[in-house]
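Results of the structural survey
Residues per chain are reported as follows:
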Amino acid sequence: MATFQPSRHNERMIPVEEAQERVLAEVEPLGTEQVAFTEAHGRVLREDVHARYDVPHGDNTAMDGYAVRADDIANPPVTLRVIENLPAGTVATKRVEPGTAIRIMTGALMPEGADTVAHVEITDAGSEKVQVLEPLRRGTNIRKRGEDMHAGDVVLVDGTPLHAAEVGVLAGVQKPVVRVGRRPTVAILSTGDEIIDVGDAMAPGKVLNSNSYSLAALVCEAGAIPRMIGIVPDTKEATIAAIESALESDFIISSGGVSVGAYDFVKDALDALGAETKFWQVAMKPGKPVVLSRVRGRLYFGLPGNPVSCMVSFLLFIAPAIRKAMGQTSNLLPPIVQTQVSASLKSRGDRRNYLRVRVVARDGELVSVPMTSQGSGVSTSMVQANGLVIVETGITAVEAGSIVPTVLVGPVQTF
Ligand code: AMP
Ligand code: MG
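Note that the coordinates shown come from a computational prediction; the quantities given were computed from them, not determined experimentally. (Residues numbered from 1 in each chain as written. Chains lettered and ligands numbered in written order. Predicted model: local features only at pLDDT ≥ 70, side-chain atom pairs only at ≥ 80, totals over all residues. Heavy atoms only, no water.)

1. A short note on a nonpolar patch on the surface
We apply this condition: Patch criteria: residues need more than 30% relative accessible area and no salt bridge. Like-charged residues are merged within 9 Å; nonpolar side chains of Val, Leu, Ile, Met, Phe, Trp and Tyr are merged within 5 Å. Here the Shrake-Rupley method, with its probe set to 1.4 Å, supplies the accessible areas, and only the displayed protein chains count as covering residues. Only one rule defines a salt bridge in this text: a Lys or Arg side-chain nitrogen within 4 Å of an Asp or Glu carboxyl oxygen. Here a strand is any run of E in DSSP of at least two residues, a helix any run of H or I of at least four, and the numbering for each starts at the N terminus.
A cluster of nonpolar side chains, Val198, Met202, Leu208, Tyr213 and Met228, forms an exposed patch at the surface whose accessible area comes to about 510 Å². The residue methionine 228 is located in strand β16 (residues 225–232) in this model.

2. A closer look at the sheet that holds strand β9 (residues 129–132)
Going by this rule: By definition, two strands form a pair when at least two bridges between them are found by DSSP. In this analysis, axes come from line fits to C-alpha atoms, helices being fitted only over the stretch in contact, and the angle between any two N-to-C directions falls in the range 0 to 180 degrees.
Spatial ordering of the open sheet is given by β8-β5-β7-β6-β9, a layout of five strands whose pairing is mixed. With one partner strand each, in any of the chains shown, β8 (116–119) and β9 form the two edges of the open sheet. Within this sheet the neighbouring strands show an average axis-to-axis angle of 40°, counted without direction. Pairing geometry for strand β5 (residues 65–68) and strand β7 (residues 100–104), over three bridges, is antiparallel. Its bridge partner being in β7, glycine 65 is matched across the sheet by isoleucine 104.

3. Digging into helix α2 (residues 164–172)
Since the α-helix advances by 3.6 residues per turn, residues separated by three or four positions end up pointing in the same direction. Short version of the rule: Throughout, exposure labels follow a simple rule: accessible area from a 1.4 Å probe, protein chains only, divided by the maximum for the residue type, with under 20% read as buried, over 50% as exposed, and the rest as partly exposed. Note: the arc covers the axis-to-C-beta directions of the helix. Only heavy atoms matter for contacts: two residues are in contact if any of them lie within 4.5 Å across the pair.
What α2 keeps buried is the set Glu166, Val167 and Leu170. Angular distribution of buried residues about the axis of α2 spans 100°; they occupy a single face of the element. The exposed residues of α2 that point more than 90 degrees off its buried face are Ala164 and Ala165. The secondary structure elements touched by the buried residues of α2 are β3 (49–50), β11 (154–156) and β12 (177–181). Two residues or fewer after α2 comes glutamine 174, characterised by a positive phi angle close to 50°.

4. Points about the pattern of salt bridges
Where side chains of opposite charge bring their charged atoms close, a pairing between them can arise. In the structure shown here, the tally under the stated rule is 21 salt bridges. Close ionic contact of arginine 298 with aspartate 250 constitutes a salt bridge, the shortest N to O distance being 4.0 Å. Residue arginine 298 is found in strand β21 (residues 298–303), and its partner aspartate 250 is found in the loop between α4 (236–245) and β17 (251–255); the two are separated by 48 residues along the sequence. Look at arginine 298 and you get partly exposed, because its relative accessible area is 26%. For aspartate 250, a relative accessible area of 10% translates into the label buried.

5. Considerations on the environment of leucine 333
Residue position: leucine 333 is located in the loop between α6 (307–326) and β22 (336–341). For leucine 333 and valine 409, which are 76 residues apart along the polypeptide, the C-alpha to C-alpha distance reads 9.6 Å. Residues within four places of leucine 333 in sequence aside, it is in contact with Gln20, Leu24, Leu316, Pro320 and Arg323.

6. Remarks on the domain arrangement of the chain
What counts is decided by this rule: How far each domain reaches was decided by an automatic or database domain assignment. Computed with a 1.4 Å rolling probe, the buried area is the accessible surface lost when two parts are put together, summed over both parts. The term polar contact refers here to a pair of N or O atoms within 3.5 Å; inside protein, the definition further demands a hydrogen-donor-capable atom paired with an acceptor-capable atom, and it admits residues adjacent in sequence only when both atoms are side-chain atoms. Nonpolar residues are Ala, Val, Leu, Ile, Met, Phe, Trp, Tyr, Cys and Pro. Charged residues are Asp, Glu, Lys and Arg, and all others, Gly as well, are polar.
Domain annotation for the chain reports domain 1 (6–31 + 183–325), domain 2 (32–53 + 152–181), domain 3 (60–143) and domain 4 (336–414). One C-alpha centre belongs to domain 1, the other to domain 4; they are set 25 Å apart. In this assembly, 16 residues from domain 1 lie in contact with 16 residues from domain 4. In total, about 1,400 Å² of surface goes out of reach between domain 1 and domain 4, with carbon and sulfur atoms giving 67% of it. If you sort the residues of domain 1 by the area they bury against domain 4, Lys285, Val308 and Leu315 come out on top, with a joint share of 41%. Connecting domain 1 to domain 4 are one salt bridge. Residue glutamate 17 is joined to arginine 352 by a salt bridge in which the shortest nitrogen-to-oxygen separation is 3.1 Å. Run the count over domain 1 and domain 4 and you get six residue pairs in polar contact (both at pLDDT 80 or more). Of all the elements in the fold, those that place two or more residues in the side of domain 1 that touches domain 4 are α1 (16–26), β19 (284–285) and α6. Counting residues per element, the side of domain 1 that touches domain 4 draws most heavily on α6, which supplies seven residues. The residue inventory of the side of domain 1 that touches domain 4, partitioned by class, reads 11 nonpolar, two polar and three charged.

Encoded structure:
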């Protein structure tokens, strides 16, 4: 007959911030690789990128209109002779002399002699001659050479995550191939004799494996590559074998089997493999049992089995680790913002609680709408949740309308 697990010595329950620090201290950026800039979206830049030219390449017009001399239009209305027509991408063959103008389209290089662009809206839009109806300060409507980038400037810094704007800048400096951090591979295993997989027949006492799939999706969202190890029976031997088969991956995540139940074998398996365990327990709810261990050089995260605890601990501890491994150097942890709760909240008060909410922008303020159920086994309570309201130890009730610290784990929603 199996017995409950004995409590471990040095089993200090550490605060969330300390756990996050200790996780990040264990992670080094992985190696780098070169990819086409068109494949770089979602990766982390691992070199400084310099501008190759001044952008814009020369002074050019920000508006459709007429390249003029500011002195010529100082006392409007004035009529100027239009001596050339200049679409974007062409270079003027003539010089703007007193009394003349060149018709010019947005983006075209400024012709010599002109110092100002009279936008078409303040003219009669003429083609042989143009009447300008308002004066302009010298330099109006001109984008200066190098206003965007100067040749040689660092325009993207090593460690920057590459989103849409960064990809645009890579294109803008003609950087066809770019050095990025390697994507970590993350092995995912789900422990539990009761766990059945998608497609298996439901039977009394069985629980569908949702964790492997939500974790795989979270791994992808963080930019890494999931490797599915599957369901592991609750025996020490099976757990050891599963961990051994996962050692090729950069990180290993398991769900379940880390509490003090008679069939929680993750810790025993890690001990048997000679793993160096960094912590067992974090002072939080959901997700108190969270294991961080180093096994044969790999970082191992043992997450609790409850679907909500599993996702919350991934977001707080593993997503930052993946970002760092990919080469990101700042903004590793999810941001904490102040939100106003739309309804009252209860907490046991025995541990810091992370309550699931939907953070919405209401009349310009961030409002947290609590999920109806806060049970750590209620997977549907994570649907649409993009925030975790922090309720500290000792606090058992939060009134509606209170301002509370909230971890943002997804984009703020509209309603
Ligand atoms: P454990 O942490 O192993 O004690 O599991 C806690 C709870 O989480 C149990 O009710 C399990 O049935 C549930 N659970 C464990 N693994 C999974 C999984 N892969 N998918 C969904 N629920 C799970
Ligand atoms: Mg279990």
